[in-house]
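Reading the structure
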Amino acid sequence: MSKKTVKDLDSELTDFKVKFVDLQAKFDKLNKKHEELEKKYDEILENRNFKCSDCDLNFQTVDQLRKHRKSHKSTNGSFQCNECEKVFNEDWKLKSHSKTHRKFPCE
């Protein structure tokens, strides 16, 4: 087992410091890139909107827009309430409306 001299230890320490500084610079560069990508992603999410071409309402998801677009289609009111005879163009609207009969009478 050989003993290291102070000079050898000093040299190893210097090498270690150089490697550490190099790794720290790489980490800082990657961290900055990560922050930039996060910012771009947030901007995309904020600016993402799906606009209805019929009424200019905006929606956050394409699924919300698709569901909304169905409300513009003419179905001649194919869903009619049995209690008040109001007519709806989508079944989910009739189901939602039917719940009001439990709480409020129709006008």
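The notes below deal with the structure included here. (Residues numbered from 1 in each chain as written. Predicted model: local features only at pLDDT ≥ 70, side-chain atom pairs only at ≥ 80, totals over all residues. Heavy atoms only, no water.)

A look at a negative patch on the surface
Selection rule: Each patch is assembled from residues with relative accessible area greater than 30% and no salt bridge, linking like charges that lie within 9 Å and nonpolar side chains (Val, Leu, Ile, Met, Phe, Trp, Tyr) that lie within 5 Å. Under the convention used here, a 1.4 Å probe and the Shrake-Rupley method define accessible areas, while residue burial counts only the protein chains that appear. Any Lys or Arg side-chain nitrogen found within 4 Å of a carboxyl oxygen on Asp or Glu counts as a salt bridge. Asp and Glu count as negative and Lys and Arg as positive, but His and the ends of the chain are not part of the count. Taken as the charge centre is NZ of Lys, CZ of Arg, CG of Asp or CD of Glu, depending on the residue. The numbering of helices and of strands both runs from the N terminus, where a helix is a DSSP run of H or I of at least 4 residues and a strand a run of E of at least 2.
Judged by side-chain charge, Glu 35, Glu 36, Glu 38, Asp 42, Glu 43 and Glu 46 come together as a negatively charged surface patch. Considering the arrangement of structural elements, one finds Glu 38 in helix α1 (residues 6-47).

Describing the environment of Thr 100
Threshold: The definition of a polar contact used here is a pair of N or O atoms within 3.5 Å, where within protein one atom must be able to donate a hydrogen and the other to accept one, and adjacent residues in sequence count solely through side-chain atom pairs.
One can find Thr 100 in helix α4 (residues 100-103). Reaching out from Thr 100, the side chain makes a polar contact with the backbone oxygen of His 97 at a distance of 2.5 Å.

Some words on the packing of aromatic side chains
Here is the rule: Side-chain rings of Phe, Tyr and Trp, where Trp is taken by its six-membered ring, are said to pair if the distance between their centres is within 6.5 Å; with planes under 30 degrees apart they count as stacked, over 60 as edge-to-face, and otherwise as tilted. Only when the NZ atom of a Lys or the CZ atom of an Arg is both within 6 Å of the ring centre and within 35 degrees of the ring normal do we say a charge sits over the ring.
For the structure on display, the rule yields 0 aromatic pairs. The ring of Trp 92 has Lys 67 sitting right over it, with the charged end atom 4.5 Å from the ring centre.

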